[in-house]
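Structure at a glance
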Amino acid sequence: WSNKSEDCKDILKAKDQLDKDHYGLDKVKDRILEYLAVCIMTQKTPQAILCLVGPPGVGKTSLAKSIAKAMNKQFIKQSLGGVKDESEIRGHRRTYLGALPGRILQGMKRAGTINPVFLLDEIDKLTRDAHGDPTSALLEVLDSEQNKAFRDHFVELPFDHSNCFFLATASTLDTIPRHLIDRLEMI
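This section reports on the structure supplied with the text. Since this is a predicted model, take the numbers as computed values, not measurements.

Turning our eyes to something else, we now look at the pairing of strand 1 (residues 49-53). Along a regular strand, successive side chains alternate from one face of the sheet to the other. Most of strand 1 is tucked away, with four of its five residues classed as buried. In the sheet, strand 1 pairs with strand 7 (residues 184-186) via three bridges, with the strands oriented parallel. Following the sheet pairing, I49 is matched in strand 7 by L184. Note that strand 1 and strand 6 (residues 165-170) share four bridges and pair parallel. Paired with L52 across the strands is T169, a residue of strand 6.

Encoded structure:
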């Protein structure tokens, strides 16, 4: 609940790490460095979440891992492919048999710190069904005004996600709901 890793605020180290891990991709790396520079200068994460868009196998997850290394943060990858129930994001109520915390809090537990780089993988594969819309729960996690007191139904205590550095990946923009696209900055 309170462990925090010491952030590296050296933009040159971040550039070296990205160059070491990835050949080419200069425009992508420059945009990531601009985003990181804004984070370092303002001491907070911008409202828009970086979303790396491209076909499978082009290095989206690898770039996210390099960002985590450069910032000296833990890296958590949570796949959202096939998530169709709001409770998979927000957690199940404890009254249900087999109840679990949501994927966001499970990832935070694996990270062991309150300020990891949290990759929301395959954000374009979220679907909705009769059990609710997981994108609305995800918006609550990503919104800096609401995520300071995010309530997982299983834990039923407010948890502060404002220290997380959220990233997302997608293969296509066609299936991402419009209200979620407004929260993302595409690269």
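On we go from here.
What follows covers the side chain of D121. Its location among the elements puts D121 in strand 3 (residues 117-121). Ignoring any residue separated from it by four or fewer positions in sequence, one finds D121 in contact with T61, K77, Q78, S79, L80, G81 and T169.

Rules of the game
- Residues numbered from 1 in each chain as written.
- Predicted model: local features only at pLDDT ≥ 70, side-chain atom pairs only at ≥ 80, totals over all residues.
- Heavy atoms only, no water.
- Buried < 20%, exposed > 50% of the residue type's maximum accessible area, 1.4 Å probe, protein only.
- Helix = DSSP H or I, 4+ residues; strand = E, 2+ residues; numbered from the N terminus.
- Pairing = 2+ DSSP bridges.
- Contact = heavy atoms within 4.5 Å.

Just geometry here; none of it tells us what the structure is for.
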